[in-house]
Amino acid sequence: MARPQHRHLLLALGLAIASPAVAAGEDQANLAPYKMLRSLQFVQDSVALGDHSAAEMQRFMLGTIDQRLRSADASVFDDDRNVDAALVYAMSGGNPATLEYLIARDVNGYFDNRVTDVLRKYLSGKGLLVAKTLVDTANEYRDKKIGPYLALVGGNVMVARSPDEALKLYDQARLSAPGTIVEEAALRRSVAICVEAGLRDKGLAYSQRYVRRFLHSPYASQFADLFVKLIVDHDHVKTEDIVSIVSFMDESRRREVYLRIARAAGIAGKAELARTAAAYAQSLAGEPNNALGALADFYGNMALVSTPDVGAAVKSIGSVADSELSPRDRALRAAAKSIAEQVLQPPDPASLTQASGSKPANEEITSEQAAVATADGSRPAEIAVPSEPADDGAAPVLMPDGAEQEADPSFKSFVTTSRSKLDEIDGLLSQESN
């Protein structure tokens, strides 16, 4: 929901830009590009802070600035602020062809070739070819108007090559432009790096900063995906840290995040985390019969399928009405129940018997038997390797070097089916994260 004061400001801004004569007495055709860019930055920062109604104005401003830059007389770029405006426009979602247009007509050398070269490579998808130059340029311009934008672009390029260097550039970008869409993007992408690189503590720190500053951003749902993945994919995340970060959200968002953690943790087999998150979600569900409470209970019990409480878990998840589950959750329940049935199925007695011709494990072949077998030209019978017993907690039997053991057909079927169901669950988790 757009904030009232932002609506009024944006309305005034839209009237000023669209009007033939602006407040300063300049007509739109002669308005300095850097002044128009300030309006664009204001609109984009408003979007990042939660004024989603500003998105339409952002598209309008990008188109208006594009026209102004293309129609501007070359003398406009005598003012360095307009040069910077053109570069920032290109890095703020503007038309890359406009930058090419300006560079091709820059006979007076207004644009720094090093900056334009790296930006052209980046905007054409070839940023890795100039990664080092881009980092050096971002550091050189760090105190200039274009510094935060170059640092953000540099971080985007360095993610694949050096996550540590990318984090440094994102830190540089957000600290140079606090409260802006640049900081929002830098924080969100820093969390993404931490998820992939296993930087749990840094990821939690970035997450807390993001929640405190940009909870209402239209990109907050992407952050929520990353935050859930950070919690579930990394061990030893303290419950108090999760609660501290989530506490900055409103009640509905807290409930949603806890439910998503419970679901992802259940699929990942992290029963304790799933139950803890489900308990917090239940505490925020309101009435005892609330559907969200039932959903939290479902996720908590689903996590028990991989524990000794599998029987109770199956009974509980089976009692949830289909109407209270999404199609993906119904598929998840079916997969969990199938695995539980395999776990609870009694072993086939035939799979526990020895092959009919084998000797007991404790009966050794005698020297006389060996001598007789050798005398008539036959090879002595090999000592049979006992088939693997049912799991009783003892250490597994080691096979002799080079020996192979034929698995019982029913055991093979169990393994194949279980792996298939686990693949189904992995697929569901992949769909959820996308």
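Residues numbered from 1 in each chain as written. Predicted model: local features only at pLDDT ≥ 70, side-chain atom pairs only at ≥ 80, totals over all residues. Heavy atoms only, no water.

As recorded by an unreviewed UniProt entry, the protein chain carries the name Chemotaxis protein MotC and is attributed to Rhizobium mongolense.

For the protein chain, the count of helices and strands is 20 helices and 0 strands. Considering only intrachain contacts with a sequence separation of at least 6, the fraction spanning at least 24 residues in the protein chain is 65%. Accessible area of the protein chain: about 23,800 Å², with a carbon and sulfur share of 52%. (Helix = DSSP H or I, 4+ residues; strand = E, 2+ residues; numbered from the N terminus. Contact = heavy atoms within 4.5 Å. Areas by Shrake-Rupley, 256 points an atom, 1.4 Å probe, with all protein chains shown as cover.)

This brings us to the environment of Asp 51. Its location among the elements puts Asp 51 in the loop between helix 2 (33-48) and helix 3 (54-71). One polar contact links Asp 51 to Ser 53, side chain to side chain, over a distance of 2.6 Å. (Polar contact = N/O pair within 3.5 Å; in protein donor to acceptor, adjacent residues only side chain to side chain.)

On to the pattern of salt bridges. Per the stated rule, a full pass over the model turns up 17 salt bridges. Salt bridges sharing common partners tie together Asp 112, Arg 114 and Glu 140. (Salt bridge = Lys/Arg side-chain N within 4 Å of Asp/Glu carboxyl O.)

This part is about the packing of helix 6 (residues 113-123) against helix 8 (residues 147-158). The contact between helix 6 and helix 8 brings their axes to 12 Å, and the two run at 45 degrees. Considering the angle they form, helix 6 stands oblique to helix 8. Regarding helix 6 and helix 8, the two cross each other, and that crossing is left-handed. Contacts between helix 6 and helix 8 involve Val 115, Leu 119 and Tyr 122 from the former and Leu 150, Val 153, Asn 156 and Val 157 from the latter. Tallied by class, residues from the contact of helix 6 with helix 8 come to 6 nonpolar, 1 polar and no charged. (Axes fitted to C-alpha atoms, helices over the stretch in contact; angles between N-to-C directions. Parallel < 35°, antiparallel > 145°, perpendicular 65-115°, else oblique. Left-handed = near helix turned anticlockwise from the far one by under 90°. Nonpolar A, V, L, I, M, F, W, Y, C, P; charged D, E, K, R; others polar.)

Time to look at the packing of aromatic side chains. Going through the model one piece at a time under the given rule, you end up with 6 aromatic pairs. On the numbers, 6.5 Å between centres and 45 degrees between planes, the contact of Phe 77 with Tyr 110 is tilted. Of the two residues, Phe 77 sits in the loop between helix 3 and helix 4 (80-91) while Tyr 110 sits in the loop between helix 5 (96-104) and helix 6, which places them 33 residues apart along the sequence. Tyr 110 gets classed as partly exposed once you look at its relative accessible area, which sits at 24%. Each ring, one from Phe 77 and one from Phe 111, has its centre 5.5 Å from the other, and the planes form 55 degrees; the classification is tilted. With Phe 77 in the loop between helix 3 and helix 4 and Phe 111 in the loop between helix 5 and helix 6, this residue pair connects regions lying 34 residues apart in the sequence. We classify Phe 77 as buried; its relative accessible area is 5%. Assessed through its relative accessible area of 5%, Phe 111 is described here as buried. Through a chain of ring-to-ring contacts, three or more aromatic side chains come together here, namely Tyr 210, Phe 214, Phe 223 and Phe 227. Stacked on the ring of Tyr 101, the Lys or Arg Arg 70 has its end atom at 4.9 Å from the ring centre. (Phe/Tyr/Trp six-rings, centres within 6.5 Å; stacked < 30°, edge-to-face > 60°. Buried < 20%, exposed > 50% of the residue type's maximum accessible area, 1.4 Å probe, protein only. Lys NZ or Arg CZ within 6 Å of the ring centre and 35° of its normal.)

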